[in-house]
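Chain by chain, the residues run as shown.
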Amino acid sequence: AALQDKLEIHGPSERPGLAKRMDERFFGHMLTAQDVEVLQQYIDEYPEQFDLYALYDCLALGASLPGYQWS
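Everything numeric here is computed off the predicted structure, so don't read it as measured data.

Remarks on the overall build of the protein
- Within the protein one finds five helices and zero strands.
- Reading the protein from its N end, one meets helices and strands in the order α-α-α-α-α.
- Over its C-alpha atoms the protein spans a radius of gyration of 11 Å, differing by no more than 12% from the 11 Å that the globule rule assigns to 71 residues.
- Structurally, the protein occupies a C-alpha span of about 30 × 25 × 15 Å along its principal axes.
- When burial is assessed residue by residue, the protein has 37% of its 71 residues classed as buried.
- Once local pairs closer than 6 in sequence are excluded, the contacts in the protein between residues at least 24 apart make up 49%.
- As displayed, the protein has an accessible area near 4,400 Å², and 53% of this comes from carbon and sulfur atoms.

Written out as structure tokens, the structure is:
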């Protein structure tokens, strides 16, 4: 719940802008604009219910993006 509160996401309607919030609050603005776009596209197209497990998937993807890995 604390993770969802920090990212201000409690349902699918709060997906827009989630990648940017993740970059600001967890990745220290290390993601490039392209990385944020890739992450947001993944979030927008997530095929299942967007729950806490989906959020963990998105964090894992964000941590694996080049902007975070190489900064």
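A few points about the nonpolar core
- Ranked by internal contacts, the top residues of the largest apolar core, which has 18 residues, are Leu7, Leu18, Met22, Leu39, Ile43 and Phe50.
- Secondary structure elements with two or more residues in this core: α1 (2-7), α2 (18-25), α3 (33-44) and α4 (52-64).
- Residue contributions to this core peak at four residues, all from α4.
- Other than its neighbours up to four places away in sequence, Leu7 contacts Leu18, Arg21, Met22, Arg25, Phe26 and Leu55.

Concerning the packing of α3 against α4
- Where α3 meets α4, the axes come as close as 10 Å, and the angle between the chain directions of the two elements is 160 degrees. One finds that α3 runs roughly antiparallel with respect to α4. The way α3 lies across α4 gives a crossing that is right-handed. Within the contact between the two elements, α3 uses Leu39, Tyr42 and Ile43 and α4 uses Asp57, Cys58, Leu61 and Gly62.
- Taken together, the residues that form the contact of α3 with α4 break down as five nonpolar, one polar and one charged.

Points about α2
- Residues of α2 that are buried include every one of Leu18, Ala19, Arg21, Met22 and Asp23, and no others.
- In the core, the buried residues of α2 are packed alongside α1, α3 and α4.

Notes on the packing of aromatic side chains
- Tallied over the full model, the rule gives four aromatic pairs.
- On the numbers, 5.1 Å between centres and 65 degrees between planes, the contact of Phe27 with Tyr68 is edge-to-face. Taken as a pair, Phe27 in the loop between α2 and α3 and Tyr68 in helix α5 (residues 66-69) lie far apart in primary sequence, 41 residues in all.
- Residue Phe27 is classed as buried on the basis of its relative accessible area, which comes to 5%.
- Residues Tyr46 and Phe50 carry aromatic rings whose centres are separated by 5.7 Å and whose planes lie at 85 degrees to one another, so their mutual orientation is edge-to-face.

Basis of the calculations
- Residues numbered from 1 in each chain as written.
- Predicted model: local features only at pLDDT ≥ 70, side-chain atom pairs only at ≥ 80, totals over all residues.
- Heavy atoms only, no water.
- Helix = DSSP H or I, 4+ residues; strand = E, 2+ residues; numbered from the N terminus.
- Rg over C-alpha atoms; globule rule 2.2 N^0.38 Å.
- Buried < 20%, exposed > 50% of the residue type's maximum accessible area, 1.4 Å probe, protein only.
- Contact = heavy atoms within 4.5 Å.
- Areas by Shrake-Rupley, 256 points an atom, 1.4 Å probe, with all protein chains shown as cover.
- Core = buried A, V, L, I, M, F, W, Y, C linked by side-chain atoms within 4.5 Å.
- Axes fitted to C-alpha atoms, helices over the stretch in contact; angles between N-to-C directions.
- Parallel < 35°, antiparallel > 145°, perpendicular 65-115°, else oblique.
- Left-handed = near helix turned anticlockwise from the far one by under 90°.
- Nonpolar A, V, L, I, M, F, W, Y, C, P; charged D, E, K, R; others polar.
- Phe/Tyr/Trp six-rings, centres within 6.5 Å; stacked < 30°, edge-to-face > 60°.

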